[in-house]
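Residue-level listing of the chains:
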Amino acid sequence: MDLPANSIVRDRVETLRQTLHRHNTLYYAQDNPEISDAEYDLLMQELMALEKAHPDLQSPDSPTARVGAPPLAVFETMSHSLPMLSLDNAFAAQDIIDFDSRVKKTLQTQDTVLYTAEPKLDGVAVELVYEDGKLVMASTRGDGMTGEVITANVRTIRSVPLQLHAGAFEGRLEVRGEIIMNRKGFEKMNRNREDENLPVFANPRNAAAGSLRQLDSMITATRPLDIFIYGTGLTPGLNSDSHWDVLNRLKSMGFKVNPLIRPCLTLDQVMECYRELEESRSGLPYDIDGVVIKVDDLRYQEILGEKARSPRWAIAWKFQAVQGTTQVLAIEIQVGRTGVLTPVAHLEPVRIGGVWVSRATLHNEEEIQRKDIRIGDTVFVERAGDVIPKVVKVVIEKRTGDEIPFQMPAACPACGSQAIRLSIENSDRLESALRCFNARCPAQLKENIIHFASKRAFDMDGLGEKLAGQLVDAGLLTSYADIFQLNLENLLKINRMGQKSAENLISAIDRSKKIQLNRFLYSLGIRHVGENIADILARKWGSLNAVMQQTPESLTAVEGIGRTIAESVHGFFNDPGNRELLDRILENGVEILTLPQSAGKTLDGKSFVLTGTLPNLTRSRARALIEAAGGKVSSAVSRNTSYLVAGEAAGSKLETARKIGVEIIDESALMQLLEGNLPDPSLSRPFQQGLV
Ligand code: IVH
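Fair warning: this is a prediction, and the values are worked out from it, not measured in the lab. (Residues numbered from 1 in each chain as written. Predicted model: local features only at pLDDT ≥ 70, side-chain atom pairs only at ≥ 80, totals over all residues. Heavy atoms only, no water.)

*Asks:* Help me out: how do you make sense of the overall build of the chain in this one?
*Replies:* Looking only at helices and strands, one finds 25 helices and 26 strands in the chain. Its C-alpha atoms give the chain a radius of gyration of 29 Å, within 12% of the compact-globule value 26 Å for 692 residues. If one aligns the C-alpha atoms of the chain with their principal axes, the spans along those axes are about 85 × 80 × 55 Å. By sequence separation, contacts in the chain at least 24 residues apart represent 68% of the contacts at least 6 residues apart. Surface summary for the chain: the accessible area is close to 33,600 Å², and the carbon and sulfur share equals 50%. The centroid of the 79 positive side-chain charges in the chain is displaced by 1 Å from the centroid of its 90 negative side-chain charges. (Helix = DSSP H or I, 4+ residues; strand = E, 2+ residues; numbered from the N terminus. Rg over C-alpha atoms; globule rule 2.2 N^0.38 Å. Contact = heavy atoms within 4.5 Å. Areas by Shrake-Rupley, 256 points an atom, 1.4 Å probe, with all protein chains shown as cover. Lys, Arg positive; Asp, Glu negative; His and termini not counted. Charge placed at Lys NZ, Arg CZ, Asp CG, Glu CD.)

*Asks:* Which parts of the structure should I look at to understand the site of the ligand?
*Replies:* Taken together, 14 residues lie near the ligand, and Glu118, Leu121, Arg141, Glu178 and Lys294 sit nearest. Within the side chain of glutamate 118, one N or O atom sits 2.9 Å away from a nitrogen atom of the ligand. The side chain of lysine 294 places a nitrogen or oxygen atom 3.0 Å from a nitrogen atom of the ligand. When residues in the shell around the ligand are grouped by element, the largest group, four residues, is from strand β3 (residues 115–121). Within the shell around the ligand, the residues separate by chemical class into eight nonpolar, one polar and five charged. (Near = heavy atom within 4 Å. Polar contact = N/O pair within 3.5 Å; in protein donor to acceptor, adjacent residues only side chain to side chain. Nonpolar A, V, L, I, M, F, W, Y, C, P; charged D, E, K, R; others polar.)

*Asks:* How should the packing of aromatic side chains be read in this particular structure?
*Replies:* In this description, a pair of aromatic rings is defined by centroid distance and the angle of the planes. If you walk through the whole model with that rule in mind, you get 12 aromatic pairs. With 6.1 Å between their ring centres and 75 degrees between their planes, phenylalanine 452 and phenylalanine 484 make a pair best called edge-to-face. Of this pair, phenylalanine 452 sits in helix α12 (residues 442–453) while phenylalanine 484 sits in the loop between α13 (465–473) and α14 (488–491), and the two are 32 residues apart along the sequence. (Phe/Tyr/Trp six-rings, centres within 6.5 Å; stacked < 30°, edge-to-face > 60°.)

*Asks:* Is there a simple way to explain the sheet that holds strand β10 (residues 288–295) in this structure?
*Replies:* Where strands meet in a sheet, backbone hydrogen bonds hold them as pairs that are either parallel or antiparallel. Taken in spatial order, the five strands line up as β2-β11-β10-β3-β9 in an open sheet, and their pairing is mixed. At either margin of the open sheet sits one strand with a lone partner, and together these are β2 (89–90) and β9 (262–264). Where β10 meets strand β11 (residues 314–318), five bridges bridge the pair, whose relative direction is antiparallel. By the bridge assignment for β11, valine 292 is matched with alanine 316. Lying over the sheet, helix α8 (residues 243–253) contacts β3, β9 and β10, oriented at roughly 55 degrees with respect to β3. (Pairing = 2+ DSSP bridges. Axes fitted to C-alpha atoms, helices over the stretch in contact; angles between N-to-C directions.)

*Asks:* For this particular structure, what's the right way to read the side chain of asparagine 190?
*Replies:* With respect to the secondary-structure elements, asparagine 190 resides in helix α5 (residues 183–195). Within polar-contact distance, the side chain of asparagine 190 engages the backbone oxygen of phenylalanine 201 at 2.9 Å. Not counting the four nearest positions on each side in its chain, asparagine 190 is found in contact with Val200 and Phe201.

*Asks:* Teacher, can you tell me more about the nonpolar core here?
*Replies:* The tendency in soluble globular proteins is for nonpolar side chains to be buried side by side. One finds Leu463, Ile483, Phe520, Leu521 and Phe573 to be the most contacted residues of the largest nonpolar core, which totals 54 residues. Listed by contribution, the elements that provide at least two residues to this core are α12, α13, α15 (499–511), α16 (517–523), α17 (531–541), α18 (544–548), α20 (563–573) and α21 (576–587). Membership of the second largest hydrophobic core comes to 36 residues, among which are Leu135, Val160, Phe201 and Val246. (Core = buried A, V, L, I, M, F, W, Y, C linked by side-chain atoms within 4.5 Å. Buried < 20%, exposed > 50% of the residue type's maximum accessible area, 1.4 Å probe, protein only.)

*Asks:* For this particular structure, what's the right way to read α8?
*Replies:* Because each turn of an α-helix spans 3.6 residues, side chains separated by three or four positions end up pointing in the same direction. Within α8 the residues assigned to the buried category are His243, Val246, Leu247, Leu250 and Met253. Taken end-on, α8 shows its buried residues confined to a sector of 120 degrees, consistent with a single buried face. Looking at the packing, one finds that the buried side of α8 touches β3, β7 (172–181), β8 (225–232), β10 and α10 (298–304). Among the residues of α8, the N-terminal cap falls to serine 242, whose side-chain oxygen and the backbone nitrogen of tryptophan 244 are separated by 3.3 Å. (Arc of directions from axis to C-beta.)

*Asks:* What am I meant to see in unusual backbone geometry here?
*Replies:* A negative phi angle is the norm for most residues apart from glycine, just as the trans form is the norm for most peptide bonds. Phi at asparagine 239 is positive, roughly 45 degrees, even though this residue is not glycine. Checked against the element boundaries, asparagine 239 lands in the loop between β8 and α8. With phi around 50 degrees, aspartate 372 is a residue other than glycine that occupies positive phi space. Within the secondary structure, aspartate 372 is located in the loop between α11 (365–371) and β15 (374–375).

*Asks:* I'm lost on helix α9 (residues 267–280) in this one. Help?
*Replies:* An ideal rise of 1.5 Å per residue puts 20 Å on 14 residues; α9 measures up with 20 Å between its terminal C-alpha atoms. Taken together, the buried positions of α9 are Val270, Met271, Cys273, Tyr274 and Leu277. The buried residues of α9 occupy one face: seen down the axis, they fall within an arc of 160 degrees. Set apart from the buried face of α9 by more than 90 degrees, the exposed residues are Asp268 and Glu279. Check the buried side of α9 and you find it contacts α3 (93–107), β3, β9, β10 and β11. (Expected span 1.5 Å × (residues − 1).)

*Asks:* Can you help me understand the environment of leucine 277 in this one?
*Replies:* Within the secondary structure, leucine 277 is located in helix α9. Judged by relative accessible area, leucine 277 falls into the buried class, the value being 6%. Along the sequence, leucine 277 and phenylalanine 319 sit 42 residues apart, while their C-alpha atoms lie 9.3 Å from each other. Other than its neighbours up to four places away in sequence, leucine 277 contacts Glu118, Pro119, Leu260, Ile288, Val291 and Phe319.

*Asks:* Which parts of the structure should I look at to understand the sheet that holds β7?
*Replies:* Strands sit in the order β5-β4-β7-β8 across an open sheet of four strands; the sheet is antiparallel. The open sheet has two edge strands, β5 (134–140) and β8, and neither has a second partner. Across the sheet, the axes of successive neighbouring strands diverge by a mean angle of 35 degrees, strand direction being ignored. Against the sheet, helix α6 (residues 204–212) contacts β4 (124–131), β7 and β8, and its axis sits at roughly 130 degrees relative to β7.

So far we have only geometry, and geometry alone does not tell us how the molecule works.
Listed below in structure tokens is the structure:
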């Protein structure tokens, strides 16, 4: 029975929340934890247990509530108490000298003006409103006057304090900052999306914006978002006369403030900061596109005031253009692993953001037509972060009339077979992509081999892009099945392949021959079969033979497998050429480790917690495997946890598990569990011993 909480429980819950909020901020925003993860976990578990027992105490402000709220139908809008302005841009040191002169002139002073220099973060501007230290609203900038309310989404971001340190600020506090996605998280997310055949995001800023625009905050909760606070909105209670001081006060309240922000006593120091940030730019884990220079004295800011859309007390000094203009010399067609023909522009080499750019993707024919890109055109090219450069638009004024419109070829340029546009499911329209369907196309072959040998497939160390190309060009590989027939003698014929690397490759190939069914299915490069679908197939049917015998109907009967996937899988295994390849792979000693079938899933009812770095599996892979086998993964160890899977540098969760007697296993024991065997107790011993 759920009893309403009495005042003792209420007080305890309140104390736990305050304490956890404080430690959350210390950990996520300030990178300066005061307690161990284990102590934190214990507090969190106590709070979760109390909230579960007393639903009347549940609250969206609770530190337990970062998982996402029920979906919204539309975003509400709100007006900002103070407009959210944008910034004027500066592109050269002289612009900054001029800015400083304007500032001094308006202030009627000859004295040096103090500035702050801050990284200009390339993300999404947001405003957060706190009432008596509690986050009550988060909104986008919108048109500057009116923004969209995205509170539920912003609550899922770990570095956003839901509750400020006790007594940090009474009344209403408005802060502003930038929500960003770091590059690693962005790339990982895109890799997963690619595997699932979902469209990828062009850059971290778009990914951050897209993640915040989700009506379902559960989706936002899975995205690697972060925040830096760089100022306030209407907050009279702060009583400060310095921006630098405000930033420090915000930091001590629990906000994450960018550690690269510097106070500058002279204009020379501003210049120095710009140079330093530009230099460290490529090494930062997130994208920045310039330096924001702000007058530090808030009384001066007040006097300087603002123009229509931007303040007179700040300016954004942009880094060297990541856009440049150049000429399209030719348009070439690249053929990808799945046979998609992608037009690529060959450009007159141009230096953009410090690197030479000579190629840019044009995506597809529609894109070329929409932008009307012709061979010989002068174009704007943009390089966003580490992403492949792209053509933004044509400089029409530079047209001479000699430019040649481009047409996609009717045949695949690598093998000559007809290029086809598929129809979009349930519609009478055609896909924008042209494809080559020849399974033996050499261009697809190279990409297929790279995929087959890649880390998450056969994992053949050393067989990467370059070598795959060389082996195909030398005629040594005409399919991925040929990989298993490579020998030292023919490898040594490859240009610059030394004895040692050839031997290493042969032994890597040998080592890869024992492979789990799910990886095997993934490595075949069947369209629409990413890691997750490969897992589902492997778990459902347990052996290659069984998977091969399925019909589109029996395939679609499985949750997670739709018509397109079913037809692709069925089509692949019914192609005589593909069957022959499979036979050859198996004849050459590849041994597929079968998985138990999921009828009576192996991990049904079992709950797992993951900690530390596992030798082979990423967190998300391990989670997917466990879930595919019917198990659950949670983030905190409790008495209900069946197993703690511990990897290298496992932290406090390991201690907690030991304390409360949860079984600790490593990756190989997890793999055994997935295969339906009980873990060998000796496998878990090293971890337990390590802590005794
Ligand atoms: S101050 C009135 N500081 O740049 C001052 N903005 O072009 C405007 N931005 O919408 C905000 N880093 O999204 C400020 N350290 C920083 C910033 C920053 C990135 C963004 C922000 C704003 C845009 C203005």
